[in-house]
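# Fold and geometry: a report
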Amino acid sequence: MIDQENQKIPLWRDERFWRIALQVIAIVIFVAVVTIMISNLNRNLVQQGTKFGFSFLGNEAGFSISESLIPYKAKDPYTQVLLAGFINSLRVMILGIFFTTIVGILAGISSFSENWLLRNLNRVYVEVVRNTPLLLQLFFWYFAVFFTLPKPEEKLELPGPIFMSKRGISIPWPENTLNVWLWLIVLVIGAIAVIFIWQLRNKLMTEKATSGQPQLIAVISIGIIELLIIIFALGWQPPIATETGATEGGLNLTLELSALLVGLVFYTGAFIAEIVRSGIQAVPKGQWEAAKSLGLKSSLVMRLVIFPQALRVMIPPLNSQYMNLAKNSSLAIAIGYPDLYSVANTTYNQTGRPVEVFILIMAVYLLINLIISLSMNSLNKSVQLKER
């Protein structure tokens, strides 16, 4: 009788061998394809009398852009204008993710409102915005809303003060001084302290059945102090209207930035609203009934019981929507906002280096998507650990 344990399996029938072999074959094919593409690219560049490289980034750009957060002139190199475009894109992405999260959560929760009008208005908003092309919405916000603002001489004045005209939207803004930056660091430290104190409070209340009153008082005290710092210590500069119709001081948001930001926020917020709605519906009905049986109001049921449990369902798809917002920001070129893609488009038209510029843009967007993905994954893991 043959000993089955000592019998060798033929190589062509060994699953372990084929798992490794197929992966090696896939890697070889990928490397071969990339090598052929690179050699073909070099051959075509040689025929055109050029050579692959990024030395052109040090040349003079020779064109200006409408707005930049960093100093830039037309005589600066391409690296400077690409950096300015990247910062402009980053500003839209950060502000867009922040505001679209607020809009999406509020719209998603409104789907369960007991108010008939609010619930149905929210449904109309979600269905209309989700089924309308984003580019069309950007044109609507730019041409039909912001571009119809009055001339600078007849600008609108809102409480704040806030001025709105064809030159943009002027809002109060802190001074750009060293003291303000130091106070901002204090605010960040206070926010981190609040997070740790709140986590300590939850741990003590769960494990030792304490009231958590001292920690709650500490959180409220820090919150009051930070609010006072924001109001009085940041040196807010209100915009001041001049005789020529312009404004001095404060922060001026151009029509292009305002239209792009509002369009992205409301468009992505409609998709996030559906994610929030589905996440809340994924919570078992027994949780709703158990919370209501304790006499909690609907708002407290949502805030303390349902929404924390829905986070584990909501966070993974939120990652995709934040990435979509980052990619959709490239539509800024349609309304004249100088983001990274718009600046890069002018750069490779002038230099004749589309491949190198495309590689730079792709690397930047991949890095941004990687940062968003890692942040959301870490947030998802922390939510899962809290549930355990």
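Here we summarise the structure given alongside this text. This one's a predicted model, so the numbers in the text were calculated from it and none came from an experiment.

Reading guide: rules and limits
- Per chain, the residues get numbers from 1 upward, laid out in the order the sequence is written.
- Under the rules for a predicted model, residues below a pLDDT of 70 receive no local features and side-chain atom pairs below 80 are neither given nor counted, while totals for whole chains, interfaces and linings still include all residues.
- Side-chain metrics in this entry use all non-hydrogen atoms of the structure; hydrogen atoms and water are not considered.
- A run of H or I in DSSP becomes a helix once it reaches four residues, and a run of E becomes a strand once it reaches two; helices and strands are each numbered from the N terminus.
- Just to be clear, the radius of gyration here is over C-alpha atoms, and the globule rule we use is 2.2 Å times residues to the power 0.38.
- Each residue is placed in one exposure class: buried if its accessible area under a 1.4 Å probe, protein chains only, is under 20% of its type's maximum, exposed if it is over 50%, and partly exposed if it falls in between.
- Here a residue-residue contact requires only that any non-hydrogen atoms of the pair lie within 4.5 Å.
- Only the protein chains shown count as cover for residues, and all accessible areas are computed by the Shrake-Rupley method using a 1.4 Å probe.
- His is not counted here, nor are the chain ends, while Lys and Arg score as positive and Asp and Glu score as negative.
- Just so you know, the charge point we use is NZ for Lys, CZ for Arg, CG for Asp and CD for Glu.
- Definition used for salt bridges: Asp or Glu carboxyl oxygen within 4 Å of a side-chain nitrogen of Lys or Arg.
- Being paired, for any two strands, means DSSP has found at least two bridges between them.
- Where helices are involved, their axes are fitted lines through C-alpha atoms of the stretch in contact, as for all axes, and angles between N-to-C directions lie from 0 to 180°.
- Detection works on a 1 Å grid of protein atoms alone, calling trapped sets that fit a 1.4 Å probe cavities and calling open sets with protein on both sides within 12 Å along at least five of seven lines pockets, with lining residues defined by an atom within 4 Å of a point.
- Grid points are joined across faces, edges and corners, and a volume is the space filled by probe spheres set on the points.

### Quick look at the overall build of the protein chain
- Each helix and strand in the protein chain was counted, giving eleven helices and eight strands.
- In terms of overall size, the protein chain is more extended than a compact globule, its C-alpha atoms giving a radius of gyration of 27 Å where 388 residues would be expected to give roughly 21 Å.
- By its C-alpha atoms, the protein chain is 95 × 70 × 45 Å across when sized along the principal axes.
- Burial analysis of the protein chain (388 residues in total) assigns 32% to the buried set.
- For the protein chain, contacts bridging at least 24 residues in sequence account for 66% of all contacts bridging at least 6.
- Accessible surface for the protein chain amounts to roughly 24,400 Å². Of this, 66% is attributable to carbon and sulfur atoms.
- One finds the centroid of the 30 positive side-chain charges in the protein chain at a distance of 7 Å from the centroid of its 23 negative side-chain charges.

### A short note on the pattern of salt bridges
- This model, assessed by the stated rule, comprises five salt bridges.
- Where glutamate 67 meets arginine 91, a salt bridge forms, and the shortest distance between an N and an O atom there is 2.9 Å. Here arginine 91 lies in helix H2 (residues 78–110) and glutamate 67 lies in the loop between helix H1 (15–47) and H2, a separation of 24 residues in the sequence. Per residue, the accessibility class of glutamate 67 equals that of arginine 91, and both read buried.
- Residue glutamate 356 pairs with arginine 353 through a salt bridge whose shortest N-O separation is 3.0 Å. Here glutamate 356 matches arginine 353 in class, with each residue buried.
- Within the structure, one salt-bridge network assembled from shared partners comprises Arg123, Glu127, Glu274 and Arg277.

### Points about the side chain of asparagine 369
- With respect to the element layout, asparagine 369 can be found in helix H11 (residues 354–387).
- A relative accessible area of 14% means that asparagine 369 is categorised as buried.
- The residues touching asparagine 369, leaving out its near neighbours within four places in the chain, are Met323 and Ala326.

### A few points about the sheet that holds strand S8 (residues 251–253)
- An order of S1-S2-S3-S8 is seen for the four strands of this open sheet, with the pairing classed as antiparallel. Two strands lie at the open edges of the sheet, namely strand S1 (156–158) and S8, each paired on one side alone. Recorded for the sheet is a direction-independent mean angle of 20° between the axes of neighbouring strands.
- Across three bridges, the pairing between S1 and strand S2 (residues 162–165) is antiparallel. Bridge pairing in S2 places leucine 156 opposite methionine 164.
- This element, helix H7 (residues 255–281), spans S2, strand S3 (168–171) and S8 of the sheet and lies at about 70° to S8.

### Description of the layout of surface pockets
- A volume near 940 Å³ is recorded for the second largest pocket.
- As for the second largest pocket, its lining consists of 29 residues, and the residues nearest its centre are Arg91, Leu95, Trp173, Leu251 and Leu253.
- If you list the elements that add at least two residues to the lining of the second largest pocket, you get H2, strand S4 (173–174), helix H5 (178–207), S8 and H7.
- Here the lining of the second largest pocket takes eight residues from H2, the largest share from any one element.

Structural measurements only, silent on function.
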